[in-house]
Amino acid sequence: MHGVFSIPFPYWHQSSGVLPPSTPTTSLSHQQLDLLQAQQTAPSDTDAIFVEPVLGKGGYLPAPPEFLQGLRERCDKHGMMLIVDEVQSGVGRTGAWFAVEESGVRPDIMVIAKGLGNGFPISGVVSRRELTDKLVPGSMGGTYAGSAVSCAAAVAVNKVMCEENILENVNTRSHELFSALNALKYDPPPKTTHPRRARARAHGRRRVRCPKFKR
Ligand SMILES: Cc1ncc(COP(=O)(O)O)c(C=O)c1O
């Protein structure tokens, strides 16, 4: 898309597989951003940085807090806006109302959807009054904008989230899941001499062992 530039997400695996898992990719991604802004889109020509605090379709990867903090610093320094896409990660899915909260970063604009209506089509653009006041009435619309049924669904979702302590439950279940996964991670794979299993191991098809379970 013209005028849109991207950098790799701060995760070693997104570096074309050339970096080892221990590589501190946060600083690498900041360097990529600085390089991009030096070579292709100067900060003075850049309106905004758009980021998912948890990368969704790209692999379900949480952005390290220091990466988001670095983006905030650069946006503040150069007068760019930080737009956080919480369409997938928002409304309790990470155990907080919004995933960006963990980093302490305050975005200028946040876009939300999916969990907001819990199945009903509704989305939202959240921002500061000084920005939203610039929108003249009628300048932002959409086919489904202002659907009373979807708005009622979002209100109901909000009520359930608060009254049924959903965030607390998400955190408890998350703790259970990660404890079980971390236990699996340290459980050594069974020794086998069966030729088919040995062949599978040689090709890397072992029991699932993900080194990134810590939380
Ligand atoms: C993170 C994220 N942002 C934006 C979108 C786009 O939302 P929409 O389908 O409403 O354009 C999606 C859709 O899946 C998404 O996952």
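Here, every reference points to the structure presented above.
Residues numbered from 1 in each chain as written. Predicted model: local features only at pLDDT ≥ 70, side-chain atom pairs only at ≥ 80, totals over all residues.

Colleague: Give me the lowdown on the site of the ligand, citing residues and values where you can.
Modeller: All residues adjacent to the ligand are Glu52, Gly56, Asp85, Val87, Gln88, Ala113 and Ser123. In terms of residue class, the shell around the ligand is made up of two nonpolar, three polar and two charged. (Near = placed C-beta within 6 Å. Nonpolar A, V, L, I, M, F, W, Y, C, P; charged D, E, K, R; others polar.)

Colleague: Go over the sheet that holds strand 1 (residues 48-51), please, and point to the residues and values.
Modeller: The strand order across the open sheet formed by four strands is 1-4-5-6, and the pairing between neighbours is mixed. Whereas interior strands pair on both sides, the edge strands pair on one side only; in this sheet they are strand 1 and strand 6 (124-127). Strand-to-strand twist of the sheet, defined as the mean angle between neighbouring strand axes without regard to direction, takes the value 20°. With four bridges joining them, strand 5 (residues 109-112) and strand 6 adopt antiparallel strand pairing. Paired with valine 111 across the bridge in strand 6 is valine 125. Packed on one face of the sheet, helix 2 (residues 65-78) meets strand 1 and strand 4 (81-85) and runs near 145° to strand 4. (Pairing = 2+ DSSP bridges. Helix = DSSP H or I, 4+ residues; strand = E, 2+ residues; numbered from the N terminus. Axes fitted to C-alpha atoms, helices over the stretch in contact; angles between N-to-C directions. Contact = placed C-beta atoms within 7 Å.)

Colleague: Give me the nonpolar core: which residues, what numbers.
Modeller: Core analysis: the largest hydrophobic core is formed by 20 residues, its most contacted members being Leu68, Leu71 and Leu116. The set of elements that each furnish at least two residues to this core consists of strand 1, helix 2, strand 4, strand 5 and helix 4 (148-163). Take this core: its biggest share by element is four residues, from helix 2. (Core = buried A, V, L, I, M, F, W, Y, C linked by C-beta atoms within 7 Å. Buried ≥ 20, exposed ≤ 12 C-beta atoms within 10 Å, placed from the backbone.)

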